[in-house]
Each structure stands twice: as C-alpha cells, then as structure tokens.
Amino acid sequence: MIIEGPVIKFGDKIDTDIIIPARYLKYTDPQYLAQHVMEPLDPEFYKKASKGVIIVAGKVFGMGSSREQAAIALKAAGVKAIVAESFARIFYRNAINNGLPVITLPNSTKEINENSYVKINVETGEILVGNKVLKGKGITGMALEILQAGGIMEYLKKMQTVNRN
Amino acid sequence: MSAKTLTEKILSRASGKDVSPGDVIEAKVDLVAFHDLTGYHVIEVMEKANMIKVFDKSKLVIAFDHLAPPPDVRSAEIQGYIRKFVKSEGIPNFYDINYGILHEVMIEQYANPGQVILAADSHTTTSGAVGAFAQGMGASDIAAAVITGKTWLVVPQPFKVVLEGKPAKWITGKDVALKLLGDFKADYFNGMTLEIFVKDPLSFPMDYRATVSNMGIEMNADALMFIPDQETKRYIKEMRGYEPELVTPDNGAKYADEYAIQLDKMEPLVAAPHSVDNVKVVNELEGTPVDQVYIGSCTNGRLSDFEIAAKIMKGKKVKSRCIAIPASYRMFKEALERGYIQTLVDAGCIVTYGTCGPCLGGHFGIAGPGENVVSTSSRNFKGRMGSNEAKVYLSGPAVAAISALEGKITDPRVI
C-alpha cells in the first residue's frame, strides 16, 4: 500500500480534545465531524486537508479520550496517513479500525518539513522525502489485516465467513 | 515457567498461553462496558455491520453519565436509542441517569482482581484500582468485543512503582498521579503497564487508588494496576459482601524498571495549563485568580474527596463559583448522611450527582473565555472544559477546596 501527498505538520501531544472537541461527539457523520477537525488549533484545517494530505507530528499523537470520531474526522477531512514519533494506543487502534494508516517515525518532526511531498510504504514503513528514505515502523500482522479489510468490523465479518467454511 | 508480573499473569490466563511483553495475543474479556455518549456509537457500529449480538449479557455493563441528565434533545435521543437496545437485548446491568459515572459503577459493583475489562472510554483504567487489567478502546473495538467476548492486544512491558510511608497532610491519590506525570511525562509509559505496590496497604485507601488508576491513561499506560492486597479485600467485601480472590505477581518477576515514591515527603501538586504533565508544586502557582472550582468526576468524585472538601469549607463561604459532583448515588447518599453535602451547600457550592458534565465541557459548568478553573478532574487540555481561551489547573480536593474559599490558588498547608 503506497500513500503520497503534501505534509501538514503539528507538534507534540496533539490530544483528542484538539482533534475533535467533545461538543461534536453526539454525531458520527464523517462529513459533519470533518468540518470541525483540529478546530481549536486551526479552524481552517479541514479546508487545507481537503486536497489530501499527510500529517506529520511529534510525540503521543491522539492522546486522551477513546472517541473514535477523532480518527473518523481526520480521515473524512482528507488526511491520508499520519506519521508521528509515537501514538497513543487507543488512537492508533481507532485509526487502523477506520482504515487510516499510522506510521511511527522517531524524529519525524525534525526529518520532514511542512509542505514537503512524501511517499509512504505502509507495510515497510519507508518514507520517501525528496531523495531521502526514512525508515519508520510500518503496519504488519493483524493490524495490517484489519487495515486491508477496511476496518475491524469488515475484518470480523470476513473471519466469521472463513470460520463457517 | 518463569516468574510472572501481574500483567503477564492476567494476560496468560486470558489468552490461554504463556505470554511475554511484545506478544500479540487474542484475549478473552471478562467485562465489557460503555456509557451513553460512546454507547450509541458502539451500537451504531454493530447495526451497520448487521451484527447485533451480545456474547454474554451478564458481562456487559451500561451506565449513563456523559449526557446525564440530558442537556439537549440530541442527548435525550442518544439515551433513548440505547434504552431501546437494553430492552430488546435484555441487558440486566443497566444504570440510567440516576446512578452514577460508569467507572465508579465498575469498581463499586463489578471489577475484580485479575480480570480483563474493556470499555468505550479512556478512563476505563480506573478499575486497575482493584487489580484488573482495564483498558479503554474506541467504539469499533468495543463493538467487536461485545459481539465476540474477545479482543486482540500487544502484551505491554510492566513497570513497577512502590509507594512507601504514609501520605503527608493533604496528600491523596491525585498528588501521586501528578507526581508520576511530572517525573515521567505523558509519553513515557507508552506500551507499558504500571504495577503499583503499596508497602503499607491501609495507608493508601481504595479512593486514592482509583484516582491514580484513572489517570493511568494520562500517562499513556496500557493499564495501571494496584497489586491486590488486604485493602482490595476490605473494599470489595464492604461494597459487595464477598471476599475476592487476590491475583498477585510472582516473587522475582521481571520489570522494565522500578520507581519508589515516598508518600510522607510529598507536597501538594497542580498540573498547570494546557498539559497533564505540566506539574508544579502548589506554592509556585499561589495567588492565581480562580473563577470556577470543580470537585468531582471519575477521577476525584469519591467520599474521601468530599470529606476533605467539607473539612476545609466547614463554616466558610466560597469566593469562586464551586460545583461539586459525587461520582455515584452511593457516594452522594453517604456524603449526605455524613453531612458533607450540607457543609458544601452552606458554603455556597452547587451539588448534584452522577454526571460527567463539566469534566469534558459537556454541560453543568462550562468555562468561558479568559476564565481560570481549578478542577479535580483528569484533563486540562486546551478547550477541554469549554472555551479554548479558558485555563484549567488540575489538583486534588484539598487545593481545590481552599482555592474556592480564597478565590485564588492556595496552598492547603496554610490551614
């Protein structure tokens, strides 16, 4: 799976209250959520993301709440993948479960500049920036199977069919 | 078989094989739970997948807390949707808006040492107070667990923390949680569990343990568990009338590292805006004006929190707005009988029970632009309690109560 696009950069500790504030959680419609994604930091983010972008961020991206709307909103706004130094566990799973690739790369914010164009190999974690190849941690094993199935519920349906046969 | 940590012991039993950190496993789940706000999302995922099916009704717990009582029509609609599910599926463990916060319900009535517990809320780690491996997950993961009774996990690396001595005056669980956050920062325990040994079990009661476990998610730990001991036994016996079996680590179990905290040498701590790990000793922030104080939430809405607040507020009047919310009906009633609620109401506080309201900026105490809030809840992220231009300071009940009386951040050690 190869994903490419221009980079929008954020710092450390982007929490779920920043990604999608609680007042929007009474809804799950992706298009509604997309309009409010990252609102406390940049109310214009969803417009910038709409052309299809890669987020590059620092430590523990997605820390905080279990709200799956955080992953849903980012994806619906046009975010194709997230590269971060580390991810909060719940967010990482929510992203995979919603088909949003997440790649861990130490020093990501130092290695990649805003507006760079990157090409990511989701399985190997290799990230091409200009003529530089960075080695991140890709998605493998069960997480990859879930991502490829299009999410955990699709995966579950597939497994039940397999088990029945 | 080698000596096992509590993490390895629980996950070995749940997966039916001998596990080590880093293993990817399929684990059986003992309890699954959700509340109103995430619950409708969980059921929606199940509906969309055409799999409305509960693996074991007796192992699903549902409690309304985030939108309780409903502040608007959409909230009422969400709760109605879940009530319908509860009825059609015949879910016996259901708590409507008149009981309390889900995590409090879990430790009062359900969680036991050695269990694997999942819920659609990040503060599920609270059940680690009784020694359960408890994790929050998103709606899709919880939907899958409700259907199958299983989940997949990466076995985390256990880290040992030892609490020594008796807490100094006004020091409670919140100070221990903030100490760990200040010393290690919010990303250190990524991929790890914390296993906390209390050297003198009775010096650190269940209320304090629940606060520390609750904030395990702020440390980004996979779980935070207190090693079950005589206090665990006492608490469960008192709450539910039976003595639980204690699951404990083996002697000589290997940990990533070990860290000790001297409770008798601690000072009251506060997390300054806008990060849970921006921790300072209270006197560094003294004099900061305070517009609103919130005492409550699944972090600090327990009896000991109200006891401390009442002790400090007795016969006095608050200068800041003060909202106080015991975490459950049980806590509220007990605080009422002991006179704590009367004291708080006389001091000018607004008191109700069983809602998460202000903690997540939901309702019942939204912070406005430019306001400073001292809160006993778990998070002070930008915009968490309402306006992006509000500042939230996190503290234990003593700092919160004295700051409400003085109208500014105050060190409780002046009392």
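Residues numbered from 1 in each chain as written. Chains lettered and ligands numbered in written order. Predicted model: local features only at pLDDT ≥ 70, side-chain atom pairs only at ≥ 80, totals over all residues. Heavy atoms only, no water.

Draft legend 1. Quick look at the UniProt feature "binding site: [4Fe-4S] cluster" (unreviewed entry) in chain B. Residues and elements named next belong to chain B. Under the local residue numbering, the UniProt record ascribes the feature "binding site: [4Fe-4S] cluster" (unreviewed entry) to Cys298, Cys356 and Cys359. Look at the named residues: they lie 62 residues apart in sequence, but the longest C-alpha span between them is just 9.1 Å, so in the fold they bunch up. Considering the arrangement of structural elements, one finds Cys298 in helix α9 (residues 297-300). With residues near it in sequence (within four places) discarded, Cys298 still touches Ile101, His103, His123 and Asn214. When residues no more than four places from it in sequence are discounted, the contact partners of Cys359 are Tyr294, Ser297, Ser377, Ser378, Arg384 and Met385. (UniProt positions renumbered as here; feature names shortened; annotations may be inferred. Helix = DSSP H or I, 4+ residues; strand = E, 2+ residues; numbered from the N terminus. Contact = heavy atoms within 4.5 Å.)

Draft legend 2. Structural context of the interface of chain A and chain B. Counting from both sides, the interface comprises 36 residues of chain A and, opposite them, 49 residues of chain B. Between chain A and chain B lies a buried interface of about 3,600 Å² when both sides are counted; carbon and sulfur atoms form 56% of it. Its largest share of buried area at the contact with chain B, chain A owes to Lys26, Arg89 and Arg93 of chain A, together 21% of the area lost on that side. Inspection of the chain A/chain B interface yields 6 salt bridges. Across the salt bridge formed by Lys59 of chain A and Asp187 of chain B, the nearest N and O atoms sit 4.0 Å from each other. Counting every contact that joins chain A to chain B gives 24 residue pairs in polar contact (both at pLDDT 80 or more). Listing elements by their share of the side of chain A that touches chain B, those giving two or more residues are α4 (69-77), α5 (89-97), α7 (141-149) and α8 (152-164) of chain A. For the side of chain A that touches chain B, the per-class residue count stands at 16 nonpolar, 9 polar and 11 charged. (Buried area = accessible area lost by both parts, 1.4 Å probe. Salt bridge = Lys/Arg side-chain N within 4 Å of Asp/Glu carboxyl O. Polar contact = N/O pair within 3.5 Å; in protein donor to acceptor, adjacent residues only side chain to side chain. Nonpolar A, V, L, I, M, F, W, Y, C, P; charged D, E, K, R; others polar.)

Draft legend 3. Just helix α3 (residues 73-89) of chain B, in detail. Residues and elements named next belong to chain B. For α3, spanning 17 residues, the distance from its first C-alpha to its last is 24 Å, which sits close to the expected 24 Å at 1.5 Å a residue. All of the buried residues along α3 are Ser75, Ile78, Gln79, Ile82, Phe85, Val86 and Glu89. Looking down the long axis of α3, one finds its buried residues gathered within 115° of arc, a one-sided arrangement. Opposite the packed face of α3, turned more than 90 degrees from it, sit the exposed residues Val73, Lys84, Lys87 and Ser88. (Expected span 1.5 Å × (residues − 1). Buried < 20%, exposed > 50% of the residue type's maximum accessible area, 1.4 Å probe, protein only. Arc of directions from axis to C-beta.)

Draft legend 4. Fine view of the packing of helix α4 (residues 102-110) of chain B against helix α8 (residues 230-240) of chain B. All names here are of chain B. Two elements in contact, α4 and α8, have axes separated by 8 Å at closest approach and are oriented at 90°. By the angle class used here, α4 and α8 are roughly perpendicular. Contact residues: Met106, Ile107, Glu108, Gln109 and Tyr110 in α4; Tyr235, Met239 and Arg240 in α8. Among the residues forming the contact of α4 with α8, the class breakdown is 5 nonpolar, 1 polar and 2 charged. (Axes fitted to C-alpha atoms, helices over the stretch in contact; angles between N-to-C directions. Parallel < 35°, antiparallel > 145°, perpendicular 65-115°, else oblique.)

Draft legend 5. Spatial organisation of the state of the cysteines. Residue and element names in this part refer to chain B. All told, the structure shown has 0 disulfides over all chains when counted by the stated rule. Note on Cys322: no disulfide assigned, nearest cysteine sulfur contributed by Cys349 at a separation of 3.4 Å. Free cysteine Cys356: the closest other cysteine sulfur is in Cys298, separated by 6.2 Å. For Cys356, a relative accessible area of 7% gives the class buried. (Disulfide = S-S within 2.5 Å.)

Draft legend 6. Region of the structure containing the UniProt feature "domain: Aconitase A/isopropylmalate dehydratase small subunit swivel" (unreviewed entry) in chain A. With numbering aligned to this structure, UniProt lists the feature "domain: Aconitase A/isopropylmalate dehydratase small subunit swivel" (unreviewed entry) at residues 40-106 of chain A. Annotated as 34% helix and 21% strand, the span residues 40-106 of chain A places its first and last C-alpha atoms 26 Å apart.

Draft legend 7. Up close: the sheet that holds strand β8 (residues 157-164) of chain B. Residue and element names in this part refer to chain B. Taken together, 4 strands build an open sheet; the order of strands is β10-β9-β8-β11 and the sheet is parallel. Both outer strands of the open sheet, β10 (223-226) and β11 (258-262), are each paired with one neighbouring strand and no more. Here the strands of the sheet are splayed against their neighbours by 20° on average, with no regard to which way each runs. Bridging between β8 and strand β9 (residues 192-198) involves 7 bridges; their strand directions are parallel. (Pairing = 2+ DSSP bridges.)

Draft legend 8. Quick look at the packing of α4 of chain A against α5 of chain A. All names here are of chain A. One way to put it is that α4 packs onto α5 with a least axis distance of 8 Å and a crossing angle of 50°. By the angle between their directions, the pair α4 and α5 is classed as oblique. Considering how the two elements wind past one another, α4 and α5 form a crossing that is right-handed. Facing Ala70, Ala71 and Leu74 of α4, the residues of α5 in contact are Phe91, Asn94 and Ala95. In terms of residue class, the contact of α4 with α5 is made up of 5 nonpolar, 1 polar and no charged. (Left-handed = near helix turned anticlockwise from the far one by under 90°.)

Draft legend 9. Layout of the sheet that holds strand β6 (residues 133-136) of chain B. Residue and element names in this part refer to chain B. One open sheet accounts for 5 strands, arranged β4-β3-β2-β5-β6; its pairing is parallel. Each edge of the open sheet carries a strand with a single partner, namely β4 (94-95) and β6. Pairing of strand β5 (residues 116-119) with β6 involves 4 bridges; the strand directions are parallel. Within the sheet, the bridge partner assigned to Ile117 lies in β6 and is Ala134. Its contacts with the sheet put helix α2 (residues 36-48) on β2 (31-35) and β3 (60-63), and the angle it makes with β2 is roughly 110°. Running over the sheet, helix α5 (residues 139-148) touches β2, β3 and β5 and is turned about 135° from β2.

Draft legend 10. Focus on the pairing of β2 of chain B. Residue and element names in this part refer to chain B. With 5 of its 5 residues buried, β2 lies for the most part within the structure. Neither face of β2 is left uncovered, since the one carrying Leu31, Ala33 and His35 and the one carrying Val32 and Phe34 both have all their residues buried. Relative to β3, β2 is paired through 4 bridges, and the arrangement is parallel. Counted as the bridge partner of His35 is Ala63 from β3. Remark: the β2/α2/β3 crossover connection has right-handed handedness. (Right-handed = clockwise from strand over helix to strand, strands pointing away.)

Draft legend 11. The arrangement of α5 of chain A in detail. All names here are of chain A. The buried count for α5 comes to 9 of 9 residues, which makes it a mostly enclosed element. Taken together, the buried positions of α5 are occupied by Arg89, Ile90, Phe91, Tyr92, Arg93, Asn94, Ala95, Ile96 and Asn97. Of the residues trailing α5, Gly99 is marked for its positive phi of about 70°.

Draft legend 12. Representation of the nonpolar core within the structure. Counting residues in each nonpolar core, the largest one holds 110 residues, and the members touching the most others are Met38, Phe61, Leu74 and Phe91 of chain A together with Phe34 of chain B. Among the elements that line this core, the one with the most residues is α5 of chain B, at 7 residues. Residues within four places of Phe61 of chain A in sequence aside, it is in contact with Ile14, Ile19, Met38, Ile55, Leu74, Ile82, Ala84, Ser86, Phe87, Ala88 and Phe91 of chain A. Ranked by size, the runner-up nonpolar core spans 59 residues in total, among them Ala310, Met313, Phe332 and Val374 of chain B. (Core = buried A, V, L, I, M, F, W, Y, C linked by side-chain atoms within 4.5 Å.)

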